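Coordinate inspection notes
Read off the chains here:
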Amino acid sequence: MITDALAGRYRGLPQSWRRAVQARSGWRSKEAVRPLGAPGHAVVPDSVVPCTPVGDVSVQEQIDRLHDMSPDLLLKDLEQAFGPLPAHWRAAADRPDRWLRGYAGALADVWAVAEPLWSRARPLLDREVVRVGVASVRGGADALLGSLAGRLVRDENGLVIEGVAAGVHELGDRSLVLVPMLAGKDALIVGLDDPETVWIAYPVPAAGRLWRTDCDDLSELVGPVRAELLRTLDRPMTMTMLAGGMNIPPSSLTFHCDRLVAARLIARERRGREVWIDRTPRAGALLELCLR
């Protein structure tokens, strides 16, 4: 999203979300990400990409990592990535501490826009985990890899990745990790340098429905407040947590929860003095249906 909306390297992000990211981001964020959109350059230093995605690392942890990073490490990453420094990275190399703060700010700006979308995407991500798992177990990995993104082609020699610097990279004994992401339809990020893992981040299938702003099937079915409530419940929450997140009075929240309990879309569970609420599998299926 950063690369598309702020750096000018278009990767199919819908215009409505491009405008939302641009409106949220300040001039310092836009200045920091400018090197990511330089024409003809797809390689970026390790400092730019997230930690190797072999476990759960929150966006806030990534932002904190950038704030705490030594400017010398960025300079080392630039040298390792490019050797002679290209012109579009010279400003970052001249003031690496300033660049790291600006890039961390850009991440925070974009996450403020994207976090609600990420919460809504759980049914899509869960379905993709199942799809990839079934293909792996049934021996369909080759067909799966060729279907991940338009810029990724499977042939008799391996994977051909559009936009990656020419060369041959052997997988060897390394694990291959697939990372579904929320991004424009033409986005693709590939990590080839880790000694233990090669990872490919690609747009999660059917994400286009998440970007839609002209209509909302779930709201039409259950009403806008209850649709927001179901989307907010991406994890179990107490009534207090839910009321604070949705910014509605407790009495109204109780009314809407009663209706959703009656429809078997949420379940309540008392734990001590707190009542916890979670979506039911029926609600998960409904959310997935509305995203198709």
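What follows is about the packing of aromatic side chains. All told, the structure shown has three aromatic pairs when counted by the stated rule. A centroid spacing of 5.1 Å and a plane angle of 5° characterise the contact between W99 and Y103, whose relative ring orientation is stacked. Separated by four residues within a single helix, W99 and Y103 lie in helix α7 (residues 96-120), roughly one turn from each other. You can call Y103 buried: its relative accessible area is 5%. Taken together, F82, W89, W99 and Y103 form an aromatic cluster joined through their ring pairs.

In terms of nonpolar packing, the biggest core is built from 37 residues, with M1, W89, W99, Y103 and L182 touching the most fellow members. Of all elements in the fold, only α1 (2-7), α2 (15-24), α3 (27-33), α4 (59-68), α5 (71-82), α7, α8 (122-137) and α10 (208-211) reach the threshold of two or more residues within this core. Top contributing element to this core by residue count: α7, with nine residues. Aside from chain neighbours lying at most four places away, what touches W99 is A32, P35, V48, L74, W89 and A92.

All right, on to the sheet that holds strand β5 (residues 197-203) then. An order of β3-β5-β4 is seen for the three strands of this open sheet, with the pairing classed as mixed. Strand pairing shows two members of the sheet lacking a second neighbour, β3 (175-181) and β4 (189-191), which therefore form its edges. Averaged over all neighbouring strand pairs, the angle between strand axes comes to 15°, with direction disregarded. Note that β4 and β5 share three bridges and pair antiparallel. Each residue of the ladder has a partner; that of V190, found in β5, is I200.

A few words on the pattern of salt bridges. This model, assessed by the stated rule, comprises seven salt bridges. With a shortest N-O distance of 3.2 Å, D186 and K185 are connected by a salt bridge. The class for K185 is exposed, based on a relative accessible area of 60%. Of the charged contacts, one joins D234 and R235 as a salt bridge, the two residues approaching to 3.6 Å between their closest N and O atoms.

Moving on to the packing of α7 against α8. Two elements in contact, α7 and α8, have axes whose closest approach is 5 Å; the angle formed by their N-to-C orientations is 55°. As summarised for this structure, α7 and α8 are arranged oblique, according to the angle between their axes. In contact with W118, S119 and R120 of α7, α8 contributes R122, P123 and L125. Its residues assigned to classes, the contact of α7 with α8 comprises three nonpolar, one polar and two charged.

All right, on to the packing of α4 against α7 then. Between α4 and α7, the least distance of the axes is 8 Å, while the angle of their chain directions is 165°. One way to sum up the angle between α4 and α7 is to call them roughly antiparallel. As for the relative orientation of α4 and α7, their crossing is left-handed in sense. Of α7, the residues touching α4 (which contributes V59, I63, L66 and H67) are L100, Y103, A104, L107, A108 and W111.

Calculation notes
- Residues numbered from 1 in each chain as written.
- Predicted model: local features only at pLDDT ≥ 70, side-chain atom pairs only at ≥ 80, totals over all residues.
- Heavy atoms only, no water.
- Phe/Tyr/Trp six-rings, centres within 6.5 Å; stacked < 30°, edge-to-face > 60°.
- Helix = DSSP H or I, 4+ residues; strand = E, 2+ residues; numbered from the N terminus.
- Buried < 20%, exposed > 50% of the residue type's maximum accessible area, 1.4 Å probe, protein only.
- Core = buried A, V, L, I, M, F, W, Y, C linked by side-chain atoms within 4.5 Å.
- Contact = heavy atoms within 4.5 Å.
- Pairing = 2+ DSSP bridges.
- Axes fitted to C-alpha atoms, helices over the stretch in contact; angles between N-to-C directions.
- Salt bridge = Lys/Arg side-chain N within 4 Å of Asp/Glu carboxyl O.
- Parallel < 35°, antiparallel > 145°, perpendicular 65-115°, else oblique.
- Nonpolar A, V, L, I, M, F, W, Y, C, P; charged D, E, K, R; others polar.
- Left-handed = near helix turned anticlockwise from the far one by under 90°.

This is a description of form; function is not addressed.
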